Amino acid sequence: MLRGITLLLLFQLAGEVISRLFALPVPGPVIGMALLFAALAWRGGTDEGLRSTAANLLQHLSLLFVPAGVGVMLHLHRIASEWRPIVAALVVSTFLTITVTGLVLRALHVHEDPQS
């Protein structure tokens, strides 16, 4: 498990370094995740150590939402005063996500091989 956590943290560190070195507007962990995906795709999959580490982290994923919940409670007065833009952003982004997903699905379905 230590090897898997080390691998995850190294990719996150690499993403942080790339993000800060090139002053990219993308967070370092996102870049690190893309690098990890590329490495795993190049290798052809994960090994058992990384798979078990990821499974253990996913079992405790709910703990990662505690800081976000505390932040919401801490800034509840601000959310109450700015609820209209928040609701508008949520509605618009949800609509756009559903629309884009539908269009991509339609485009992929049209280009699907009829033989399969």
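In this text, all values refer to a predicted model and were calculated from it rather than measured experimentally. (Residues numbered from 1 in each chain as written. Predicted model: local features only at pLDDT ≥ 70, side-chain atom pairs only at ≥ 80, totals over all residues. Heavy atoms only, no water.)

Splitting the protein chain by domain gives domain 1 (1-59) and domain 2 (65-116). The gap between the C-alpha centroids of domain 1 and domain 2 is 25 Å. (Domains from an automatic or database assignment.)

Together, Leu-10, Leu-13, Val-17, Leu-21, Phe-22, Leu-24, Val-26, Val-30 and Met-33 make up a nonpolar patch on the protein surface, roughly 870 Å² of accessible area in all. Secondary structure elements with two or more residues in the nonpolar patch: helix 1 (2-21) and helix 2 (28-43). Among the elements that make up the nonpolar patch, the one with the highest residue count is helix 1 (4 residues). If you trace the backbone, Leu-21 turns up in helix 1. (Patch = residues over 30% accessible without salt bridge, like charges linked within 9 Å, V, L, I, M, F, W, Y side chains within 5 Å. Areas by Shrake-Rupley, 256 points an atom, 1.4 Å probe, with all protein chains shown as cover. Salt bridge = Lys/Arg side-chain N within 4 Å of Asp/Glu carboxyl O. Helix = DSSP H or I, 4+ residues; strand = E, 2+ residues; numbered from the N terminus.)

Before going further, it helps to examine unusual backbone geometry. Even without glycine at this site, Ala-23 takes up a positive phi of about 50 degrees. Tracing the sequence through the fold places Ala-23 in the loop between helix 1 and helix 2.

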